[in-house]
Amino acid sequence: MASDGARRQFWKRSTSKVPGSLLRSAPKLPSTPVKAKRGSTFQEFESNTSDAWDAGEDDDELLAMAAESLNSEVVMETAHRVLRDHSQRQGQHRRETPASGDSPQPRPEAPLALSADARLVKSASESHTSQPAEELRKLSWSGIPRAVRPMTWKLLSGYLPANVDRRPATLQRKQKEYFAFVEHYYDSRNDDAHQDTYRQIHIDIPRMSPEALILQPKVTEIFERILFIWAIRHPASGYVQGINDLVTPFFVVFICEHIDEEDVDSVDVSQVPEDVLRNIEADTYWCMSRLLDGIQDNYTFAQPGIQVKVQMLEGLVSRIDEQVHRHLKQHEVQYLQFTFRWMNNLLTREVPLRCTVRLWDTYQSEPEGFSHFHLYVCAAFLVRWRKEILEEKDFQELLLFLQNLPTAAWDDEDVSLLLAEAYRLKFTFADAPNHYKK
């Protein structure tokens, strides 16, 4: 047995490692010292460098975050300010609460029209750091208020940096870069190498919906430029029918920031100044590009991404609703015959535009929302019509029904129920290694 002196010596040696013991704070030197001169050099490099393919868009922000050291005084000051503001609000609430014998005083109306959710999302979207990004995604999953949707979509898509101080410069740089592409490439639309691409775009745009928006000449010109520039800069896929439908939600959301029209299907662009329209066009291009970066295999040769997703959807439906799956097989209805458009157009042709916008709120809040979560939304969408599907006993009638689902009267509540069921399916099946197999 060790002597008392040895035990005392042991505890004396290991005092700093005893759980619960107080640690003396010692000043720590940063592992990577940050010098002002080095920062200015990087800023000069950034201002003189422009990557047309936009790879590593936020690398500078990540480097800046890694270089920042934690300032305890700032943290404590922020914490004290939050506590002080909370105490003031509590005291104000007690003063405004009438006593039992007093008559309540009328409360003055709030000057802001934003709802509590809108203020919360607006607050998260105006942060000076990237810390609230996860919080912003959680807030946006259940739908984004109209007043803050344009800014929130730009943040969630990765088009704008999280740091609010960097956003104006980023917007100006990206808008200037887009119109440099237009000036450089757009005149080549009638060249032999590109005229087939431009002709197909020109044919497809009038077929889009809503017609009241698309058939406005200014909108047609904007969409032609966006799609042609994207096709030229992405030769691996080029322009494919279906990509055109992915422009509309971004364009409508961004233009609604500048008009009072509530119905997104009947937006009149003549109310918007020309310089604002130019900015909207550039923002739409970059956000659409961000979306397509995650699903570009849907539009490369033979569209392998879509074929894989259709096979995965078939396997998933066979597990979640075997009766519907058997009914389709019995009447020789192939999944590719009706779900190809669901994957190619991301359900934009299956639900009204207002529902697409609500759907994309959640898609942009979900990790890989447009590629992975969309699969579960399609499964929930199909099973949603199981009663009507099982009632159809003819191949032709069954296929016509699946290609023209009655969603014209759908609203946000219908989309929310669809998303909730899709999330349940994802939660149940996503982590099961063989959930696509029987």
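What counts, and at which threshold
- All chains use their own residue numbering, which begins from 1 and follows the written sequence.
- Local features in this predicted model are restricted to residues of pLDDT 70 or higher, and side-chain atom pairs are both shown and tallied only at a pLDDT of 80 or more, whereas totals for entire chains, interfaces and linings draw on every residue.
- For side-chain calculations, the full set of non-hydrogen atoms in the structure is used, while hydrogens and water are omitted.
- Numbering of helices and strands runs from the N terminus; a helix is a DSSP stretch of H or I covering at least four residues, while a strand is a stretch of E covering at least two.
- For the exposure calls, accessible area comes from a 1.4 Å probe over protein chains only, and a residue counts as buried if that area is under 20% of its type's maximum, exposed if over 50%, partly exposed in between.
- Any two residues whose heavy atoms approach within 4.5 Å are treated as being in contact.
- By convention, a stacked pair of Phe, Tyr or Trp rings (six-membered ring in the case of Trp) has centres within 6.5 Å and planes under 30 degrees apart, an edge-to-face pair has planes over 60 apart, and any other such pair is tilted.
- Lysine NZ or arginine CZ positioned within 6 Å of the ring centre and within 35 degrees of the ring normal marks a charge as sitting over the ring.
- As a per-residue quantity, pLDDT reports the predictor's confidence and falls between 0 and 100.
- Taking the helix axis as origin, the arc is that swept by the directions to the C-beta atoms.
- Grouping buried Ala, Val, Leu, Ile, Met, Phe, Trp, Tyr and Cys residues that are joined through side-chain atoms within 4.5 Å yields what is termed a nonpolar core.
- What makes a patch is a set of residues exposed beyond 30% relative accessible area and free of salt bridges, joined within 9 Å when like-charged and within 5 Å when nonpolar (Val, Leu, Ile, Met, Phe, Trp, Tyr).
- Here the accessible surface of atoms and residues is derived via Shrake-Rupley with a 1.4 Å probe, and residues count as covered only by protein chains that are part of the display.
- The working definition used for a salt bridge is a side-chain nitrogen of Lys or Arg within 4 Å of a carboxyl oxygen of Asp or Glu.
- Residues scored as positive are Lys and Arg, those scored as negative are Asp and Glu, and His as well as the terminal groups of each chain are ignored.
- Charge positions come from single atoms, namely NZ of Lys, CZ of Arg, CG of Asp or CD of Glu.
- Note on definitions: angles span 0 to 180 degrees between N-to-C directions of axes, and those axes are lines fitted to C-alpha atoms, for helices only across the stretch in contact.
- With respect to orientation, any angle under 35 degrees is reported as roughly parallel, any angle over 145 as roughly antiparallel, any angle of 65 to 115 as roughly perpendicular, and every other angle as oblique.
- Crossing chirality is assigned from the near helix's rotation relative to the far helix, an anticlockwise turn below a right angle marking it left-handed and a clockwise turn marking it right-handed.

## Let's talk about the overall build of the protein
The helix and strand inventory of the protein stands at 21 helices and zero strands. When each of the 438 residues of the protein is scored for burial, the buried share is 42%. Sequence-distant contacts, at least 24 apart, represent 75% of the contacts inside the protein between residues at least 6 apart.

## Description of unusual backbone geometry
In this chain, Ser209 is followed by Pro210 through a cis amide linkage whose omega measures 0 degrees. Counting through the fold element by element, Pro210 comes out in the loop between helix 9 (195-204) and helix 10 (211-214). Even without being glycine, Gln303 reaches a positive phi, approximately 50 degrees. Note on placement: Gln303 falls in the loop between helix 13 (274-293) and helix 14 (304-320). When its relative accessible area of 17% is taken as the criterion, Gln303 is described as buried.

## Details of the packing of aromatic side chains
Evaluated as defined, the whole model comprises 25 aromatic pairs. Where Tyr198 meets Phe228, the ring centres are 6.2 Å apart and the plane angle is 85 degrees; that geometry is what we call edge-to-face. Taken together, the positions of Tyr198 in helix 9 and Phe228 in helix 11 (residues 217-233) put the pair 30 residues apart, joining distant regions of the chain. On the basis of relative accessible area, Tyr198 is assigned to the buried category, the value being 16%. An aromatic cluster of three or more residues is present, and its members are Trp141, Trp153, Phe250, Phe254, Trp360, Tyr363, Phe370, Phe373 and Tyr423. One cation-aromatic arrangement involves Lys154 over Phe254; the distance from NZ or CZ to the ring centre is 5.0 Å. In this structure, Arg384 is placed above the aromatic ring of Trp385, and the distance from its NZ or CZ to the ring centre is 4.3 Å.

## Structural notes on the environment of Gly242
Mapped onto the fold, Gly242 is located in the loop between helix 11 and helix 12 (248-255). What makes Gly242 buried here is its relative accessible area of 3%. For Gly242 and Asp204, which are 38 residues apart along the polypeptide, the C-alpha to C-alpha distance reads 9.0 Å.

## What about the confidence of the model for the protein?
Per-residue pLDDT for the protein averages 79, and the proportion of residues at 70 or more is 68%. Note on residues 10-40: pLDDT under 50 across the span, and five contacts to partners over four residues away in sequence or across chains.

## Examining helix 15 (residues 322-330)
Along an α-helix, residues three or four apart share an orientation, since each turn contains 3.6 residues. Taken as a whole, helix 15 has its buried residues at Val324, His325, His327 and Leu328. Relative to the axis of helix 15, the buried residues are bounded by an arc of 160 degrees and lie together on one face. Tucked into the core, helix 15 has its buried residues touching helix 14, helix 16 (335-344), helix 18 (369-383), helix 19 (386-391) and helix 20 (395-403). Just downstream of helix 15 lies Glu332, where phi reads positive at about 60 degrees.

## Structural notes on the nonpolar core
Of all hydrophobic cores here, the largest spans 105 residues; its most connected members are Phe251, Met288, Leu328 and Trp360. Excluding anything up to four places from it in sequence, Trp360 contacts Trp153, Leu246, Pro249, Phe250, Leu291, Leu346, Thr348 and Phe370.

## Considerations on a negative patch on the surface
Judged by side-chain charge, Asp260, Glu261, Glu262, Asp263 and Asp268 come together as a negatively charged surface patch. As for its placement among the helices and strands, Asp263 is situated in the loop between helix 12 and helix 13. Judged by relative accessible area, Asp263 falls into the partly exposed class, the value being 38%.

## Concerning helix 9
If you check which residues of helix 9 are buried, you get Tyr198, Ile201 and Asp204. Taken around the axis of helix 9, the buried residues stretch over an arc of 130 degrees, which confines them to a single face. Looking at the buried residues of helix 9, the elements they touch are helix 11.

## Points about the side chain of Gln216
Residue placement: Gln216 occurs in the loop between helix 10 and helix 11. The residues touching Gln216, leaving out its near neighbours within four places in the chain, are Val267, Asp268, Val269 and Ser270.

## Quick notes on the pattern of salt bridges
Within the structure shown, the criterion is met by 15 salt bridges. Between Arg207 and Asp204 there is a salt bridge; the shortest N-O distance is 3.3 Å. The partner of Glu281 in a salt bridge is Arg225, and the shortest N-O contact between them spans 2.8 Å. With Glu281 in helix 13 and Arg225 in helix 11, this pair connects stretches of sequence that are 56 residues apart. What makes Glu281 buried here is its relative accessible area of 1%.

## Structural notes on the packing of helix 6 (residues 133-141) against helix 7 (residues 149-156)
Packed helices, taken two at a time, are described by their axes: the angle between them and the distance between them. One can describe the packing of helix 6 onto helix 7 by two numbers: an axis separation of 11 Å at closest approach and a directional angle of 125 degrees. The angle between helix 6 and helix 7 falls in the class oblique. Of the two elements, helix 6 crosses helix 7, and the hand of that crossing is left-handed. Here Leu136, Arg137 and Ser140 of helix 6 come into contact with helix 7, specifically with Thr152, Leu155 and Leu156.

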